[in-house]
Each structure stands twice: as structure tokens, then as C-alpha cells.
Amino acid sequence: MPERTALILGSGFTDLVAASDALVAETDYGVPSSAVHRVSLSGQAVLALARHGDAHSLPPHRINYRANIAALRDAGATAIIALNTVGVIGRIRAPGQIAVPDQVVDYTWGREHTFFTGNGAGVEHLEFTEPFATAIRRRVLAAAAAAGVDCLDGGVYAATQGPRLETAAEVDRLERDGADYIGMTAMPEAALAAEAGIDYVCVALIVNRAAGRGDQPIHADLEASSATARGTAMRLLEQYYADNEQST
Ligand code: HPA
């Protein structure tokens, strides 16, 4: 099967799907956050889904992650580049930069997090040692290098429940747990993609310093850095789709 890399767009990207073709809008798992759109990047028709809805109205804990992954699978996606905004814990990495994490710790709860519900199909335990697919991580990092984009390779993504941000003590705990970035959406998304047999990579847009770690209020960080991180991610995506063949 030819490779077909879809996008899951996070905060700050919903304008990309406005006025585009819409495909799958209903799945066996309910209604996805948005229809699967076809957007144009580097002259290619790219499948794209807006994680928070076309009007950016769905908070992280209300997203139907199963329907989103099922919709992309039904539309023919074999791989997914997920754009996820994050706060950064350590001082080496700064808001405005992007990163491709290589590990996850999941603190979310109460989300429909698996396609493997038993129901007569037997018990399945997904191997999830490497939560992000190696081949597509390499392609994304190669695209970053080719585009001259500063993109950090690796790090641990802590998935928190939200929608509130963390306390300073929670960030200290996440750091003790080994986390580098904190976001609210890569889980259960990455695990569901793996269950569905779709390669998944997270491109983390660092938009703030984590709670208690910055010199200014978090929302000031967000305002100052979101556009820069988005611009960097767009350059990476343009290069990725220029370099990697899609079927139409
Ligand atoms: N914490 C959790 N999720 C986030 C953050 C954060 O600091 N920034 C963007 N998404």
C-alpha cells in the first residue's frame, strides 16, 4: 500500500482546514472532531483532521479520539503526523521551538482509550515500548534537517488530563518522572493509532514554559511563542510533503 501521511491539527492550525474538501464525517465510533479534510501542502492533497473541531471548541478531555483515528483510517491514512502544543519543563529548550518526542508517560483518565474492548474478539495487549513509529520519526526529522528547521530530536511527552494547566508542584513531579514536555492530547491518540496499525509521530510545538518555570504568566508565553512555533512546524510540513510521495 502506498504511504499516505495524514495530519492531526492542534491549536492554532484550524484555518488550514477552512474552505477545504471534507471526506469521512461519521465512523463506527461516532462523530470525529471534524470531517477529514483535504488540504494542499507542497502541491499534494493531504488528509487533515482538526482535533479540537473546525471551530476549535472541543477541550482535550471531550475529544472522541477513537472516532478521529477511525476516520483517518477509513480515509486511507497509513501514517499520521500529529501537531500537539506543549509546555516545556527544562531550560535548554525554549518556547517557539519544536520537538519530536520519542517517549510518553500517560496521566490522562476517563477517556475512551482503546479499540480493544474484548467483546468476543479476545484479549489483546498492544506492544507500546516505542510509542512513536521509528520510520516516520526519521522522515520527519530528515524533513526538518532538509528545511533547515531547528527541531529537537527526542524527549518525554507527559500527557495530562487538562483542561486546566498544571500546578508548579505537579510540574516538579512530572520532571521527577522524566518528562520534558507537557501536553494534553497525544494520549490516547498515539496508542489508538498504533492499535489501528497507523504509524504515528508527534510534532510538539513548544508554546510556553511549564507552570512555575517561566518568567512571565503562561498565557503571555503562549501569545509570544505560538505563531513562531506554528511557522516552524509549517516549514517542516511543507518539506515533508515535498519529499514524501502521497497517493491521491
Ligand atoms: N501543560 C499542558 N498542556 C499544554 C501546556 C502546558 O503547559 N502548554 C500547551 N499545552
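Let me sum up the structure you'll find in this document. What you see as residue numbers is a count from 1 along each chain, following the sequence as written. Since the coordinates come from a predicted model, pLDDT governs what is reported: local features require at least 70, and pairs of side-chain atoms require 80 or more to be given and counted, while whole-chain, interface and lining totals use all residues. The basis for every side-chain value is the complete set of non-hydrogen atoms in the structure, without hydrogens or water.

The helix and strand tally for the chain stands at five helices and eleven strands. Just to be clear, the radius of gyration here is over C-alpha atoms, and the globule rule we use is 2.2 Å times residues to the power 0.38. In terms of C-alpha radius of gyration, the chain reaches 17 Å, essentially the compact-globule figure of 18 Å for 248 residues. In terms of principal-axis extent, the alpha carbons of the chain reach across some 45 × 45 × 35 Å. The classification of residues rests on relative accessible area computed with a 1.4 Å probe and restricted to protein chains. Under 20% of the type maximum is buried, over 50% is exposed, and intermediate values are partly exposed. A burial count over the chain gives 52% of its 248 residues as buried. In the chain, 80% of the contacts between residues at least 6 apart in sequence involve partners at least 24 apart. In these tables, accessible area is a Shrake-Rupley quantity obtained with a 1.4 Å probe, and a residue counts as shielded only by the protein chains included in the view. Carbon and sulfur atoms provide 50% of the accessible area of the chain, an area that totals close to 10,800 Å². A run of H or I in DSSP counts as a helix once it spans at least four residues, and a run of E counts as a strand once it spans at least two, with each numbered from the N terminus. Only heavy atoms enter the contact rule, under which two residues are in contact if any of them lie within 4.5 Å.

Attention shifts here to helix H5 (residues 218-243). Residues separated by three or four positions in an α-helix point in the same direction, a consequence of the helix having 3.6 residues per turn. Here H5 contains 26 residues, and its C-alpha end-to-end distance of 36 Å stays within 8% of the 38 Å for a straight helix at 1.5 Å per residue. The term bend refers to the angle at a residue between two fitted axes, each drawn through seven residues, those ending there and those starting there. Ser225 marks where H5 bends most, by close to 40 degrees. Along H5, the residues that are buried comprise Ile218, Asp221, Ser225, Ala229, Thr232, Ala233, Met234, Leu236, Leu237, Tyr240 and Tyr241. Helices are assigned an expected span. That span is 1.5 Å times one less than the residue count.

We call a set of buried residues a nonpolar core when its members are Ala, Val, Leu, Ile, Met, Phe, Trp, Tyr or Cys and they connect through side-chain atoms within 4.5 Å of each other. Val36, Ile69, Leu72, Ile80 and Tyr200 are the most contacted members of the largest nonpolar core, which has 36 residues in total. Elements that contribute at least two residues to this core include exactly strand E1 (5-9), strand E4 (44-50), helix H1 (65-74), strand E5 (79-88), strand E9 (156-159), helix H4 (186-195) and strand E11 (199-209). The element best represented in this core is H4, accounting for six residues. Not counting chain neighbours up to four residues away, the residues in contact with Val36 comprise Asp21, Ala22, Leu23, Val24, Leu47, Ala48, Leu49, Ala71, Leu72 and Ala75. Core analysis: the next-biggest nonpolar cluster, separate from the first, contains 34 residues, Phe13, Ala133, Ala144 and Ala233 among them.

Let us look at the pairing of E9. Side-chain alternation along E9 places Val156 and Ala158 on one buried face and Tyr157 and Ala159 on a second face that is also buried. Two strands pair when backbone bridges link them, and E9 and strand E10 (residues 181-183) are joined in this way by three bridges, in the parallel orientation. Across the sheet, residue Ala158 finds its bridge partner in E10, namely Ile182. Handedness rule for crossovers: strands pointing away from the viewer, path from the first strand over the helix to the second running clockwise, crossover right-handed. Assessed by its sense of winding, the connection that carries the chain from E9 through helix H3 (residues 168-176) to E10 is right-handed. Two strands are counted as paired when DSSP detects at least two bridges linking them.

As a matter of local geometry, the ligand sits amid Thr85, Val86, Gly87, Thr160, Leu165, Glu166, Ile182, Gly183, Met184, Val207 and Asn208. Polar contact is defined as a pair of N or O atoms within 3.5 Å, subject to the rule that within protein one atom must be able to donate a hydrogen and the other to accept it, and that residues adjacent in sequence are counted only when both atoms are side-chain atoms. Take Ile182: an N or O atom from its main chain is 3.4 Å from a nitrogen atom of the ligand. Out of a free accessible area of 260 Å², the ligand has 93% covered by protein chains. If you list the elements that add at least two residues to the shell around the ligand, you get E5, E10 and E11. Only a single heavy atom is needed: when it lies within 4 Å of a molecule or strand, its residue is near that molecule or strand.

Moving on: the environment of Asp28. Mapped onto the elements, Asp28 comes out in the loop between strand E2 (21-22) and strand E3 (37-41). Taking C-alpha positions, Asp28 is 35 Å from Arg235, a pair spaced 207 residues apart along the chain.

Attention now goes to the packing of aromatic side chains. Whether two aromatic rings pair depends on their centres lying within 6.5 Å, for rings of Phe, Tyr and Trp, where Trp uses its six-membered ring; planes under 30 degrees apart make the pair stacked, over 60 edge-to-face, and the rest tilted. All told, the structure shown has three aromatic pairs when counted by the stated rule. Note on Tyr29 and Phe115: the rings are 4.9 Å apart at their centroids and 65 degrees apart in plane angle, and the pair reads as edge-to-face. Taken together, the positions of Tyr29 in the loop between E2 and E3 and Phe115 in the loop between strand E7 (103-106) and helix H2 (134-147) put the pair 86 residues apart, joining distant regions of the chain. A residue is classified by how much of its surface remains accessible, and Tyr29, at 30% relative accessible area, is partly exposed. Relative accessible area serves as the criterion here: at 12%, Phe115 is assigned to the buried category. Judged by centre distance (6.2 Å) and plane angle (20 degrees), the rings of Phe132 and Tyr200 are stacked. Placement of the pair is Phe132 in the loop between E7 and H2 and Tyr200 in strand E11, with a sequence separation of 68 residues.

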